[in-house]
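Now for the letters of each chain:
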Amino acid sequence: MAKKVIKRDGTKEDFDGEKMRKSIEVAAISAGLSMDRTNELVNQILDVVLKAANDKEEIATSELSESVFSQLNTIEPKMAELWKQYEEEKRHRSAEKINP
């Protein structure tokens, strides 16, 4: 399993699957999915994404994001767009913190 995540600014932090889980859950809730469907999707997507990260020591957040988006786009296209918007807003907020 990847032990480190390389963030967009080049910094590294410990891999935390819970962060990924939460971002997928936010998109699912925004898409109006039931909790059962949300949990099903989160588990299904995390399983695929974590398997991809399994063979690496480090993985870029962009690679993780693309993997999640690809899975969502196949399974729940509406949710994929909401998740992408959420991720873009999160990046925008991070950029504002760095360059107020």
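What counts and how
Residues numbered from 1 in each chain as written. Predicted model: local features only at pLDDT ≥ 70, side-chain atom pairs only at ≥ 80, totals over all residues. Heavy atoms only, no water. Pairing = 2+ DSSP bridges. Helix = DSSP H or I, 4+ residues; strand = E, 2+ residues; numbered from the N terminus. Axes fitted to C-alpha atoms, helices over the stretch in contact; angles between N-to-C directions. Buried < 20%, exposed > 50% of the residue type's maximum accessible area, 1.4 Å probe, protein only. Contact = heavy atoms within 4.5 Å. Parallel < 35°, antiparallel > 145°, perpendicular 65-115°, else oblique. Left-handed = near helix turned anticlockwise from the far one by under 90°. Nonpolar A, V, L, I, M, F, W, Y, C, P; charged D, E, K, R; others polar.

## Structural notes on the sheet that holds strand β3 (residues 58-60)
Here 3 strands make up an open sheet; going across it, the order is β2-β1-β3 and the pairing mixed. Two strands in the sheet have a free side with no partner beyond their single neighbour: β2 (12-14) and β3. Strand-to-strand twist in this sheet, taken as the mean axis angle between neighbours without regard to direction, amounts to 30°. Here strand β1 (residues 4-6) runs beside β3; their pairing, made up of 3 bridges, is parallel. Looking at β3, one finds that Ile6 is bridged to Ala60.

## Regarding the environment of Ile45
For Ile45, the location among the structural elements is in helix α2 (residues 35-53). Given the relative accessible area of 0%, Ile45 is considered buried. Taking the C-alpha atoms as reference points, Ile45 and Leu82, separated by 37 residues in sequence, lie 15 Å from one another. Every residue in contact with Ile45, bar those within four places of it in the chain, is listed here: Ile24, Val68, Gln71, Leu72 and Ile75.

## Re the side chain of Glu76
Inspection of the secondary structure assignment puts Glu76 in the loop between α3 (61-75) and α4 (77-98). The buried category is assigned to Glu76, whose relative accessible area is 18%. Glu76 has contacts with Leu33, Arg37 and Leu41, leaving out every residue within four places of it along the chain.

## Overview of the packing of α2 against α3
If you want to describe how two helices pack, look at the angle between their axes and the distance between the axes. Packing of α2 against α3 leaves a shortest axis separation of 10 Å and a crossing angle of 130°. Accordingly, the angle class assigned to the pair α2 and α3 is oblique. Taken as a pair, α2 and α3 cross one another with a handedness that is right-handed. On the side of α2, the interface is formed by Arg37, Leu41, Gln44, Ile45, Val48 and Val49, while α3 contributes Leu64, Ser67, Val68, Gln71, Leu72 and Ile75. Residue composition of the contact of α2 with α3, grouped by class: 8 nonpolar, 3 polar and 1 charged.

Scope: geometric values only; no functional claims are made or implied.
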